[in-house]
Amino acid sequence: MLAVVAVTGWFLYDRFSGRSQSRATITEACEGLVDPGAVMRFAGGTKVGAEPPGDRVCLLSREVTFEGEERMDAFFSLRVVPSRDVEPGEGPFEFTARSVTVTATCAAPARSAGATALRVTAGTEFEAATRGEPGALPGLAREAALRAAAKAGCETTLPPAPKR
């Protein structure tokens, strides 16, 4: 009985510790622009790590099992682009098969670099943008746009994310 309790306790500790480390990785890699809990739900609750971001703010990977072996596969990216000449679109949300771009228009030019808008793209690297809960990726993109705008000194408002 004691062995079962010890194994169960270790499993729970390891799982909690892994989730805690994944949350810290997400916060650091994505510069605090997204809620780590929401990203973990989008990842399916698996272990999350960071990849070299390239031209993105962050590129996250998640633990998957393929043919019996565990490996880390890229699944989420975030890109923030300040703009001085954003063309008004039909709305602040633009969708592709694997990404959602949110345009946050500044009420006045942002203090940093004189941006009039920020374009934030949240993408999934190998799956459809509709993965997970309805509206998960648009919600992550919206949240990142609002947080990036606040960091840049860009006062903006955005409608709720579509449940798409």
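Computed from a prediction, not measured in an experiment: that's the story for all the values here.

Chemist: Teacher, can you tell me more about the pattern of salt bridges here?
Modeler: Between side chains of opposite charge, a pair can form as their charged atoms come close. Within this structure, the stated rule accounts for 5 salt bridges. With a shortest N-O distance of 3.1 Å, Arg71 and Asp73 are connected by a salt bridge. On the basis of relative accessibility, which here comes to 23%, the residue Asp73 falls in the partly exposed class.

Chemist: I tried to follow the side chain of Glu143 on my own but got confused; where do I start?
Modeler: Assignment of secondary structure puts Glu143 in helix H3 (residues 136-152). At a separation of 2.8 Å, a polar atom in the side chain of Glu143 contacts the side chain of Arg147. Not counting residues within four places of it along the chain, the set of residues in contact with Glu143 comprises Leu33, Val34 and Asp35.

Chemist: Help me out: how do you make sense of the packing of aromatic side chains in this one?
Modeler: The way to describe two aromatic rings as a pair is by their centre distance and the angle between their planes. Under the defined criterion, the tally for this structure stands at 3 aromatic pairs. Ring centres of Phe42 and Phe76 lie 6.2 Å apart, and the angle between their planes is 75 degrees; this geometry places the pair in the edge-to-face category. Taken together, the residues Phe42 in helix H2 (residues 36-43) and Phe76 in strand E3 (residues 69-83) connect sequence positions 34 residues apart. Accessibility assignment for this pair places Phe42 and Phe76 in one class, buried. Following the ring pairs from residue to residue traces out a cluster consisting of Phe42, Phe75 and Phe76.

About the criteria used
- Residues numbered from 1 in each chain as written.
- Predicted model: local features only at pLDDT ≥ 70, side-chain atom pairs only at ≥ 80, totals over all residues.
- Heavy atoms only, no water.
- Salt bridge = Lys/Arg side-chain N within 4 Å of Asp/Glu carboxyl O.
- Buried < 20%, exposed > 50% of the residue type's maximum accessible area, 1.4 Å probe, protein only.
- Helix = DSSP H or I, 4+ residues; strand = E, 2+ residues; numbered from the N terminus.
- Polar contact = N/O pair within 3.5 Å; in protein donor to acceptor, adjacent residues only side chain to side chain.
- Contact = heavy atoms within 4.5 Å.
- Phe/Tyr/Trp six-rings, centres within 6.5 Å; stacked < 30°, edge-to-face > 60°.

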